[in-house]
Amino acid sequence: MSNAQTSSRKIILQERPAPDELVPSRYAVRVGDIDVLIISDGILTPPAESMATNADPEVRGAWLDERFLSKVAFDWALNAVVVRSGDQTILIDSGLGEEYPDFPRAGQFVHRLEAAGVDLAAVTDVVLTHMHFDHVGGLLVEGVKERMRPDLRVHVCAAETKFWQAPDFSLTAMPPALADLARKASLEFLNAYRSHLRTFDQQAQVAPGVVVTRTGGHTPGHSVVRISSGDERLMFGGDALFPVSFDHPEWHNGFEHDPDEATRVRLRLMKELAETGSWLVSTHMPFPSVGRVATAGDLYRWVPAWWDY
Ligand SMILES: [Zn+2]
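Residues numbered from 1 in each chain as written. Predicted model: local features only at pLDDT ≥ 70, side-chain atom pairs only at ≥ 80, totals over all residues. Heavy atoms only, no water.

Asks: Give a detailed account of helix H2 (residues 57-66), specifying residues and quantitative values.
Replies: Buried within H2 we find Arg60, Gly61, Trp63 and Leu64. Buried residues of H2, seen end-on, are gathered within an arc of 160° and therefore sit on one face of the element. Within H2, the exposed residues directed more than 90 degrees away from the buried face are Glu58 and Glu66. One side-chain oxygen at the N-terminal end of H2 lies 2.8 Å from the backbone nitrogen of Glu58; it belongs to Asp56. In the stretch just after H2, Phe68 is the one whose phi turns positive, near 60°. (Buried < 20%, exposed > 50% of the residue type's maximum accessible area, 1.4 Å probe, protein only. Helix = DSSP H or I, 4+ residues; strand = E, 2+ residues; numbered from the N terminus. Arc of directions from axis to C-beta. Polar contact = N/O pair within 3.5 Å; in protein donor to acceptor, adjacent residues only side chain to side chain.)

Here you go:
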């Protein structure tokens, strides 16, 4: 990073809104006896074509135009979640952190967590849907690890930790700077949190009513978290479903390490969500990213929740 970039990053950090900002940055839902708090990390702006790398450019352009979205950079929401079940406080993913100065609108998770009254020292568990930089970055922010409990458990799929020791990017279409960042952030994370890792092969119960299950696809160890209590259910879908996935589940995302498998995974999950009526929260759906999935002919439709204050 050049000095100019470093200093502009510092200015951006100083100009961030105060913790009592009026901009909505968190949204609470209850799933039976379990509290779920969605926290916005901000907005990433990857190249718009990375949302649909195998699409006809004209079809992709028309899809973006119809939604008044830029054809240059896609305003991509970035959400992470806090779950309280019994006496456990669980973070699911952690946002971008300070890893990448070219995404200055993201990386707000840690201070927004504090603004929401969540003390890092109270976090008992972290669950990672996968180890891309926009999911582990918040854990790498200076001073965060030091404030975590010494007995913190970090749940991640064993296939994921294995993958990042020698990651394969041959089927992705990431800008090279982001592939480099993905390698760097995942290694930094493994080095920093190795003694806290609780890996699982296919599935693990993290807390009563909170189960993480491997899906693969986006990355080999990509996982989703299913939360259930009484009759109520919510799935945190990580990077299995994107805003384009409902109209075009076949569109490959440039960040997918196995795009064909990622398509199969999202079709399977959308079918499950439509059949069960479970709430869905996804990393990159527009904040607060709470909705349900309905069938719509051969496809599926995103039905956002009506905000409840
Ligand atoms: Zn992501």
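Asks: Can you lay out the coordination of the zinc ion for me, pointing to particular residues and giving the numbers?
Replies: Asp134 (OD), His135 (NE2), Asp239 (OD) and His284 (NE2) make up the full set of protein donors to the zinc ion, lying at 2.1 to 2.3 Å. Metal-centred angles of 88 to 161° between the 4 donor atoms at the zinc ion mark the site as irregular. For the zinc ion, all donor residues lie on one chain, and their spacing in sequence is D-H-x103-D-x44-H. Remark: His284 occurs in the loop between strand E12 (279-281) and strand E13 (290-296) and Asp239 occurs in the loop between strand E11 (232-236) and helix H8 (259-276); sequence separation between them is 45 residues. Both residues of the pair, Asp239 and His284, count as buried. (Donors = N, O, S within 2.8 Å, 3.2 Å for Na, K, Ca; no water. Tetrahedral: all angles 85-135°; square planar, octahedral: opposite > 155°, others 65-115°.)

Asks: So what's going on with the pattern of salt bridges? Which residues, and what values?
Replies: Tallied over the full model, the rule gives 14 salt bridges. Note that Arg183 and Asp180 form a salt bridge whose closest N and O atoms lie 3.1 Å from each other. With Arg183 and Asp180 both in helix H7 (residues 176-193), this residue pair falls 3 residues apart, about one helical turn. The exposure class of Asp180 is partly exposed, given its relative accessible area of 48%. Between Glu275 and Lys271 there is a salt bridge, with its nearest N and O atoms 3.1 Å apart. Separated by 4 residues within a single helix, Glu275 and Lys271 lie in helix H8, roughly one turn from each other. The class for Glu275 is exposed, based on a relative accessible area of 59%. A single salt-bridge network, built from bridges that share partners, covers Glu66, Arg67 and Asp247. (Salt bridge = Lys/Arg side-chain N within 4 Å of Asp/Glu carboxyl O.)

Asks: Give me the lowdown on the sheet that holds strand E9 (residues 210-214), citing residues and values where you can.
Replies: The pairing of strands in a sheet happens through backbone hydrogen bonds and is either parallel or antiparallel. What the 7 strands build is an open sheet, ordered E8-E9-E10-E11-E12-E13-E14; its pairing is mixed. Two strands lie at the open edges of the sheet, namely strand E8 (203-207) and strand E14 (299-304), each paired on one side alone. Ignoring strand direction, the axes of neighbouring strands in this sheet form an average angle of 30°. Direction of pairing for E12 relative to E13: antiparallel, over a ladder of 2 bridges. If you follow Val281 over to E13, its bridge partner there is Val290. (Pairing = 2+ DSSP bridges. Axes fitted to C-alpha atoms, helices over the stretch in contact; angles between N-to-C directions.)

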